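# Reading the structure
Spelled out, the chains give:
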Number of protein chains: 2
Amino acid sequence: MIIALSGGIGGAKLALGLSHVLPPEELLILANTGDDFEHLGLSISPDIDTLTYALAGLDNQELGWGRRDETWSFMETLASIGGETWFRLGDRDLALHVERTRRLRAGETLSAVTADIARRLGIGPRILPMSDDPVRTRLLSDDGWLDLQHWFVREQTRPAVRAVEFAGAETARPNPALLAALGARPRAVVICPSNPFISIGPILAVPGLREAIAGCGAPVIAVSPIIAGQAVKGPTARMFEQAGIVPSAAAVAARYADLLTHYVMEPDDDATGIEARIIRAPTLMRSLEDKIALARVVLDAA
Amino acid sequence: MIIALSGGIGGAKLALGLSHVLPPEELLILANTGDDFEHLGLSISPDIDTLTYALAGLDNQELGWGRRDETWSFMETLASIGGETWFRLGDRDLALHVERTRRLRAGETLSAVTADIARRLGIGPRILPMSDDPVRTRLLSDDGWLDLQHWFVREQTRPAVRAVEFAGAETARPNPALLAALGARPRAVVICPSNPFISIGPILAVPGLREAIAGCGAPVIAVSPIIAGQAVKGPTARMFEQAGIVPSAAAVAARYADLLTHYVMEPDDDATGIEARIIRAPTLMRSLEDKIALARVVLDAA
């Protein structure tokens with residue numbers, strides 16, 4: 001079993017690559033749920049959704065987020081009656097949120113709803129929320145405390161981030177299916193090229209989870225989300241700067257130093273100070289071929 | 001002030017006619033909320049919505065229900081993930097339900113939300129829910145007890161109805177704005193051509209409301225929803241039959257006998273036994289002109 005820890009866009013690219021080179025029963029994708037929030041009365045799980053759409057081949061490649069073949073009648077009409085429109089929910093995407101919200105309210109777990117929807121969309125590998133208990137990433141910014149999506153989407157990441165907290169993490173229980181997989185001698189744990197602060201950070205903040213990974217006996221292989229000091233997408237590099245750290249592949253590796261056995265990074269990036277075994281490979285994933293190639297690099301390391 | 005009691009489609013037609021011949025501040029439309037229900041976690045108010053769309057000129061004239069320029073991406077996608085699809089919610093229509101649900105959960109009254117949305121859609125006359133407290137029409141059918149929309153939409157009115165109850169009506173308080181209008185010497189109370197059992201029935205079941213209408217000193221003018229023993233649309237005639245009553249304009253009038261001063265009915269229908277003053281007029285409303293003409297007949301009576 002390969003266990004892949006993932007946030008949204010970047011992580012989902014490698015997860016898709018892995019899904020092409022592994023039998024479905026040998027891949028378990030652990031999704032960050034620190035991004036989850038309630039909006040318009042709906043329970044929205046951005047990283048689970050991104051993974052679900054990517055693995056079902058339903059991701060919107062033009063937008064880079066959301067669902068493909070999307071229409072926008074709901075949003076347009078919501079604006080006309082004075083509703084909040086900063087978080088754009090397409091008509092098709094909305095079906096997922098409405099149905100998940102209904103089922104969560106009826107008492108199902110996020111794991112159960114996620115698994116059932118994935119099955120209906122023909123996804124083979126398992127997508128597991130890191131926990132069925134709510135964990136909410138909050139950022140202390142120059143505008144005060146903000147929920148992650150408010151900072152990320154509504155404020156477009158403008159206010160500088162001074163601190164990150166994971167509300168609820170202290171009492172959240174790790175997904176039992178993950179603990180079972182970690183206890184059954186996995187082939188490797190892969191940390192996808194996601195933001196270490198707000199995508200992988202919440203996963204590792206769930207009590208016991210970091211220790212369970214460290215103690216599982218398998219190689220822990222991370223892929224750098226930083227190339228030549230820049231993030232491929234999103235605020236990762238800027239968040240390092242705001243924390244007073246020069247953004248680099250090595251700076252990411254340092255955050256996983258207690259876990260890492262292997263680190264996949266660009267041929268030209270500086271590996272000084274990284275104690276894991278370094279694997280040099282192109283990490284930019286534009287095409288499906290790129291994703292599959294990087295997945296093979298990761299599996300070779302495993 | 002003209003106070004019009006209305007259910008959905010038929011009532012909304014006359015309400016629209018009245019809105020064309022009265023200044024907005026002289027028309028108050030009291031909507032049945034016995035049809036309201038929770039579906040997919042959303043608070044849906046079918047009669048308020050029908051009135052809102054009709055008065056805003058947003059009704060879907062091809063379908064005869066819902067909103068115009070509608071798209072169906074949500075419903076299509078919901079089906080693909082195993083959601084319930086018997087109640088068809090268009091993408092635009094959905095915006096109204098999501099926004100209303102959010103605002104009700106935040107503590108606003110149904111009256112406040114209805115009024116604000118009507119204002120944003122440019123509707124002049126007031127649309128008032130009969131009560132801000134929940135009243136739910138339930139039908140004892142040959143398939144057991146059913147919520148109204150389950151019988152009406154999901155079961156397509158197939159199971160015969162043996163009894164009707166209005167759950168919550170005994171403790172529901174009449175809309176205070178209605179009581180104020182009834183107490184301020186209205187020009188007339190109009191009972192629109194809606195189903196007497198499930199559209200007007202719930203309104204008159206709200207404690208004190210029937211008495212307030214009877215005691216307001218204004219003429220009470222009903223328009224028959226039955227023409228030549230047939231309902232224009234919907235199950236009205238069949239519900240009379242199932243109650244062991246021959247459907248007729250007179251049978252409808254009998255249900256309002258304690259209230260009626262005037263009754264508008266087709267020239268050819270039998271008025272035997274009706275004690276109100278009979279006004280003969282065409283009551284079928286196909287075009288806007290028909291609706292306006294019937295509204296004028298009603299106002300002439302007032």
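Residues numbered from 1 in each chain as written. Chains lettered and ligands numbered in written order. Predicted model: local features only at pLDDT ≥ 70, side-chain atom pairs only at ≥ 80, totals over all residues. Heavy atoms only, no water.

## Thoughts on the overall build of chain A
Here is the rule: The secondary structure listing takes helices from DSSP runs of H or I that are at least 4 residues long and strands from runs of E that are at least 2 residues long, numbered from the N terminus. The globule rule is 2.2 Å times the number of residues to the power 0.38, and the radius of gyration it is compared with is taken over C-alpha atoms. A 1.4 Å probe rolled over the protein chains alone gives each residue an accessible area, and that area as a share of the maximum for its type sets the label: buried under 20%, exposed over 50%, partly exposed in between. Residue contacts are defined here by distance: any two heavy atoms, one from each residue, within 4.5 Å place the two residues in contact. All accessible-area figures derive from a Shrake-Rupley calculation using a 1.4 Å probe, and residue coverage is judged against the displayed protein chains alone. Charge assignment: positive for Lys and Arg, negative for Asp and Glu; neither His nor the chain ends contribute. By convention, the point assigned to a charge is CZ for Arg, NZ for Lys, CD for Glu and CG for Asp.
Along chain A, the regular secondary structure elements total 12 helices and 14 strands. Rg of the C-alpha trace for chain A: 18 Å, near the compact-globule value of 19 Å for 302 residues, within the 12% margin. Taken along its principal axes, the extent of the C-alpha atoms in chain A is 55 × 40 × 40 Å. When each of the 302 residues of chain A is scored for burial, the buried share is 59%. Sequence-distant contacts in chain A: of pairs separated by 6 or more residues, those separated by 24 or more amount to 67%. Per element, the accessible surface of chain A, about 11,900 Å² overall, is 50% carbon and sulfur. Within chain A, one finds 29 positive and 37 negative side-chain charges whose respective centroids are separated by 3 Å.

## Comments concerning the sheet that holds strand β1 (residues 2-6) of chain B
Residue and element names in this part refer to chain B. As a reminder of what qualifies: Paired strands, in this sense, are two strands between which DSSP finds at least two bridges. To obtain an axis, a line is fitted to C-alpha atoms, over the contacting stretch when the element is a helix, and the angle between two such axes runs from 0 to 180 degrees between their N-to-C directions.
Pairing is parallel in the open sheet, where 7 strands are placed in the order β5-β2-β1-β9-β10-β13-β14. Across the chains shown, the open sheet's two edge strands, defined by having one partner strand only, are β5 (126-129) and β14 (277-280). With strand direction ignored, the average angle separating the axes of adjacent strands in the sheet is 20 degrees. Looking at chain direction, strand β2 (residues 27-31) and β5 are connected through 4 bridges and run parallel. By the bridge assignment for β5, Leu30 is matched with Leu128. The sheet contacts of helix α7 (residues 176-183) involve β1, β2, β5 and β9 (188-191), and relative to β2 the element is tilted by about 135 degrees.

## So, the packing of aromatic side chains
What counts here: The pairing test for Phe, Tyr and Trp rings, Trp by its six-membered ring, is centres within 6.5 Å, and the orientation test on the planes gives stacked under 30 degrees, edge-to-face over 60, and tilted for anything in between.
Inspection of every chain in the model, using the stated rule, returns 12 aromatic pairs over all chains. The interplanar angle of 80 degrees and the centroid separation of 5.8 Å between the aromatic rings of Trp86(A) and Phe87(A) together place this pair among those described as edge-to-face. There is no split in this pair, since Trp86(A) and Phe87(A) are both buried. Both rings, one in Trp65(B) and one in Trp72(B), keep their centres 6.0 Å apart while their planes meet at 70 degrees; by these two values the pair is edge-to-face.

## Considerations on the packing of helix α4 (residues 91-105) of chain A against helix α5 (residues 110-120) of chain A
Residue and element names in this part refer to chain A. Selection rule: The cut-offs work like this: below 35 degrees is roughly parallel, past 145 is roughly antiparallel, 65 to 115 is roughly perpendicular, and the gaps in between are oblique. Throughout, a crossing is termed right-handed when the near helix is turned clockwise from the far one, and left-handed when it is turned anticlockwise from it by less than a right angle. Nonpolar residues are Ala, Val, Leu, Ile, Met, Phe, Trp, Tyr, Cys and Pro. Charged residues are Asp, Glu, Lys and Arg, and all others, Gly as well, are polar.
One way to put it is that α4 packs onto α5 with a least axis distance of 10 Å and a crossing angle of 140 degrees. Viewed along their axes, α4 and α5 adopt a mutual orientation that is oblique. Viewed along their axes, α4 and α5 form a crossing whose handedness is right-handed. Mapping the contact onto sequence places Leu96, Arg100, Arg103 and Leu104 in α4 and Leu110, Val113, Asp116 and Ile117 in α5. Along the lines of polarity and charge, the residues of the contact of α4 with α5 split into 5 nonpolar, no polar and 3 charged.

## Remarks on the relation of the copies chain B and chain A
So the rule is basically this: What sets the superposition is a least-squares fit of C-alpha atoms, and only residues with pLDDT of at least 70 in both copies go into it.
Of the two same-sequence chains, chain B is brought onto chain A (RMSD 0.0 Å, axial shift 0.0 Å) by a rotation of 180 degrees. With respect to symmetry, the two chain copies, as superposed, fit the operation of a two-fold axis. The C-alpha atom lying nearest the rotation axis in chain B is that of Asp91(B); the distance is 3.0 Å.

## Re the pattern of salt bridges
Residues and elements named next belong to chain A. Stated formally: By definition, a salt bridge exists where a carboxyl oxygen of Asp or Glu is found within 4 Å of a side-chain nitrogen of Lys or Arg.
Within the structure shown, the criterion is met by 30 salt bridges over all chains. Where Arg102 meets Glu99, a salt bridge forms, and the shortest distance between an N and an O atom there is 2.9 Å. With a gap of 3 residues between them, Arg102 and Glu99 both fall in helix α4, about one helical turn apart.

## Observations regarding the sheet that holds strand β8 (residues 161-167) of chain B
Residues and elements named next belong to chain B. The sheet built from 3 strands is open, its strands ordered β7-β6-β8 with antiparallel pairing. Each of the sheet's edge strands pairs with one partner strand only, and the pair in question is β7 (144-147) and β8. When strand polarity is set aside, the average angle formed by the axes of neighbouring strands in this sheet is 25 degrees. Alignment of strand β6 (residues 136-141) against β7, held across 4 bridges, turns out to be antiparallel. Paired with Arg138 across the two strands is Asp147, which belongs to β7. Sheet strands touched by helix α8 (residues 196-205): β6 and β8. Its angle to β8, the strand with the most contacts, is close to 40 degrees.

## Focus: unusual backbone geometry
A positive phi angle, near 60 degrees, is found at Thr157(A), a position not held by glycine. If you trace the backbone, Thr157(A) turns up in the loop between α6 (148-154) and β8 (161-167).

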